[in-house]
Amino acid sequence: MAIATVNPANGETLKTFDALGPEETERRVAAAAAAFRHHRTTGFAERSQLLLRAAELLDDDCDDIARTMTTEMGKPLAAARAEAAKCAKAMRWYARNAERLLADEHPPEAEVKDAGASYARVHYRPLGVILAVMPWNFPLWQVVRFAAPALMAGNVGLLKHASNVPQTALYLEDLFRRAGFPEGCFQTLLVGSDAVESLLRDPRIAAATLTGSEPAGRSVAAIAGDEVKKTVLELGGSDPYVVMPSADVARAIRTAVTARVQNNGQSCIAAKRFIVHADVYDAFAERFTALMTGLTVGDPMEESTDVGPLATERGRADLEELVDDAVRRGATALCGARRPPAPADLSRGWYYEPTVLADVTPAMRIHHEEAFGPVAVLYRVRDLDEAIEVANDSPFGLSSNVWTRDEDEQRRFVRDMEAGGVFFNGMTASHPALPFGGVKRSGYGRELAGHGIREFCNATTVWHAAEPDRGRS
Ligand code: NAP
């Protein structure tokens, strides 16, 4: 894939970049390794000051970087501004909480004694240079939620961003540099995915995190496994959105629209499969379809736009194939299932109409695959057991949304949903203080919160023999 900014709203190529050659890549990997030798010895206070400065700069740059993101991948401008603000918030959160999250852990005294020690603790040390392979859909957020905890833990980062967001990728390197992080602490490598294998096999790179598709995750995990290197994988999702009769159905419907079309429908944690109890299904289907039909599809730079173009021409073609396959095999399109008809200015971009499909069966690809665009699938279920069965009938297990006020039902969903999260009476959203990640083919490991910062740490056991005259280190 060429490294280029191509505006999805009109297909125009605005800027192209040459991939880094082997010599420049080598220089940067060496700079990262050198930076780690120093950065690992700095304290939380120093790192925290640098990260707080980065957050301040990001707030100042909010409008400019939001426009860059919208130009590169088509998200509505207001959503791009919100993403930048969220990144600044996460930086501040890690700047203020990292020391607490990585504080030494002290086992109970009786257990220390039982382990034959006078004193024992777990101490968290950084792993080294971490390679981050990142996607375009939240081009700032995906990187910051890796970089903020990594840098606070004393690691350093090498970013291989998606090839269609090079300007956002370069902005991130510049941001951390301007904030005062020493040379080599955070660098962007403008390289294609073909360069990832040799980076993963480089002994100076300690571990990798990948957010992206299942094939990319499988490839990175296989190579890292061969090198016995730690990975965190945040892959695709096809999150269920269950609505039970006790729910506030009107609110569930309004939220369902946002949960499906946020980021032009290209979010891993977007609700994609709407599993609705038969008692409320007809009302849900009718109102949800009306709201989806009423959304404004258009130029993502316009404040009035609800849904912009898909980020790539290939992405739209993939989505069209999924929908066409379902309709050909008997699904009912309650709305959409096509590109928007004229005006001409929309025909140049990679737009797709918000779509609602009913009567979907397991014979259709969309039942099992991720629809990465504004396409919702509706299922009618008889009861709680069938709701859980349909929700879990997916290779993915990222998050899940459940609308019910019944506490017994809530306990069942918490016990039985095969997912990394269960969000009740609202939609899934990431927050710096809450762990984020999935099970099954949605990947493994966690980002955010204490879980995220500890993924790339060496939990070091410190043990002192129980001789009376031994001191503490
Ligand atoms: P993608 O094609 O997998 O690309 C993601 C990143 O991986 C890009 O930097 C890409 O580089 C690189 N890449 C692709 N194939 C690779 C390979 N074989 N080896 C090494 N690197 C490779 O995914 P995408 O289309 O950008 O993103 C959409 C997918 O990401 C969706 O499935 C979505 O659900 C998932 N996602 C998951 C999360 C989560 O937190 N779980 C969050 C966001 C997105 P190039 O651009 O150079 O190809």
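Residues numbered from 1 in each chain as written. Predicted model: local features only at pLDDT ≥ 70, side-chain atom pairs only at ≥ 80, totals over all residues. Heavy atoms only, no water.

The name an unreviewed UniProt entry assigns to the chain is NADP-dependent succinic semialdehyde dehydrogenase, from the organism Streptomyces cinnamoneus. Its UniProt record gives the chain a comment under Sequence similarities (unreviewed entry), which states: "Belongs to the aldehyde dehydrogenase family." (UniProt positions renumbered as here; feature names shortened; annotations may be inferred.)

(A) Structural context of the packing of helix H9 (residues 249-261) against helix H10 (residues 278-293). Between H9 and H10, the shortest axis-to-axis distance is 10 Å and the interhelical angle comes to 45°. Overall, the two elements H9 and H10 adopt an arrangement that is oblique. For the pair H9 and H10, the crossing hand works out as right-handed. Between H9, through Val-249, Ala-252, Ile-253, Arg-254, Ala-256, Val-257, Arg-260 and Val-261, and H10, the contact on the second element is made entirely by Val-280, Ala-283, Phe-284, Arg-287, Phe-288, Leu-291 and Met-292. (Axes fitted to C-alpha atoms, helices over the stretch in contact; angles between N-to-C directions. Helix = DSSP H or I, 4+ residues; strand = E, 2+ residues; numbered from the N terminus. Parallel < 35°, antiparallel > 145°, perpendicular 65-115°, else oblique. Left-handed = near helix turned anticlockwise from the far one by under 90°. Contact = heavy atoms within 4.5 Å.)

(B) Structural context of unusual backbone geometry. In this structure, Asn-264 is a non-glycine residue whose phi angle is positive, near 60°. Secondary-structure assignment places Asn-264 in the loop between H9 and strand E10 (271-277). Classification of Asn-264 as buried rests on a relative accessible area of 0%. Positive phi, normally seen in glycine, also occurs at Ala-337, with a value near 65°. Turning to its location among the elements, Ala-337 is positioned in the loop between strand E11 (332-335) and helix H12 (344-347). Judged by relative accessible area, Ala-337 falls into the partly exposed class, the value being 22%. (Buried < 20%, exposed > 50% of the residue type's maximum accessible area, 1.4 Å probe, protein only.)

(C) Examining the domain arrangement of the chain more closely. In terms of domains, the chain is made up of domain 1 (4-235 + 442-462) and domain 2 (239-424). One C-alpha centre belongs to domain 1, the other to domain 2, and the line joining them spans 30 Å. Opposite the 26 residues of domain 1 that make contact, domain 2 presents 25 residues. Both sides together, the interface formed by domain 1 and domain 2 hides about 2000 Å², and carbon and sulfur atoms give 56% of it. Put simply, domain 1 and domain 2 have 1 salt bridge between them. Notably, a salt bridge pairs Arg-81 with Glu-303, separated by 3.3 Å at the nearest N-O pair. At the junction of domain 1 with domain 2, the criterion picks out 10 residue pairs in polar contact (both at pLDDT 80 or more). Taken together, the elements giving at least two residues each to the side of domain 1 that touches domain 2 come down to strand E1 (3-7), helix H2 (44-73) and helix H3 (77-101). Counting residues per element, the side of domain 1 that touches domain 2 draws most heavily on H2, which supplies 4 residues. Residues of the side of domain 1 that touches domain 2, tallied by class, amount to 10 nonpolar, 9 polar and 7 charged. (Domains from an automatic or database assignment. Buried area = accessible area lost by both parts, 1.4 Å probe. Salt bridge = Lys/Arg side-chain N within 4 Å of Asp/Glu carboxyl O. Polar contact = N/O pair within 3.5 Å; in protein donor to acceptor, adjacent residues only side chain to side chain. Nonpolar A, V, L, I, M, F, W, Y, C, P; charged D, E, K, R; others polar.)

(D) Main features of the nonpolar core. Counting residues in each nonpolar core, the largest one holds 81 residues, and the members touching the most others are Leu-51, Leu-58, Met-91, Tyr-94, Leu-131, Leu-140 and Phe-176. With 12 residues, H3 is the largest single contributor of residues to this core. When we break this core down by domain, the ones giving at least three residues each are domain 1 (4-235 + 442-462) and domain 2 (239-424). Apart from residues no more than four positions distant in its own chain, Phe-176 is found in contact with Leu-51, Ala-54, Met-91, Ala-147, Leu-151, Phe-181 and Phe-186. With 31 residues, the next largest nonpolar core counts Ala-247, Ala-252, Val-307 and Leu-346 among its residues. (Core = buried A, V, L, I, M, F, W, Y, C linked by side-chain atoms within 4.5 Å.)

(E) How the structure looks around the pairing of strand E2 (residues 12-17). As paired elements, E1 and E2 share 5 bridges and run antiparallel to each other. Looking across to E2, one finds that Asn-7 is bridged to Glu-12. (Pairing = 2+ DSSP bridges.)

(F) Region of interest: the packing of H2 against helix H5 (residues 141-153). In the contact formed by H2 and H5, the axes pass within 9 Å of each other and the chain directions differ by 150°. In terms of orientation, H2 and H5 fall into the roughly antiparallel class. Here Phe-44, Arg-47, Ser-48 and Leu-51 of H2 lie close against H5, whose contacting residues are Ala-148, Leu-151, Met-152 and Ala-153. Residue composition of the contact of H2 with H5, by class: 6 nonpolar, 1 polar and 1 charged.

(G) The arrangement of the packing of aromatic side chains in detail. Overall, the coordinates contain 9 aromatic pairs when judged by the stated rule. Geometrically, the ring pair formed by Trp-136 and Phe-372 is edge-to-face, given 5.8 Å between the ring centres and 70° between the ring planes. With Trp-136 in the loop between strand E4 (129-133) and H5 and Phe-372 in the loop between helix H13 (365-368) and strand E13 (375-381), this residue pair connects regions lying 236 residues apart in the sequence. By relative accessible area, which is 17% here, Trp-136 ends up buried. Measuring from centroid to centroid gives 4.6 Å for Phe-176 and Phe-186, while their planes differ by 45°, and the two rings are tilted. Taken together, the positions of Phe-176 in helix H6 (residues 166-179) and Phe-186 in strand E6 (residues 186-188) put the pair 10 residues apart, joining distant regions of the chain. Comparing Phe-176 with Phe-186 shows no difference in burial state: the two are buried. Put simply, the rings of Tyr-241, Phe-274, Phe-284, Phe-288 and Trp-403 pair up and form one aromatic cluster. (Phe/Tyr/Trp six-rings, centres within 6.5 Å; stacked < 30°, edge-to-face > 60°.)

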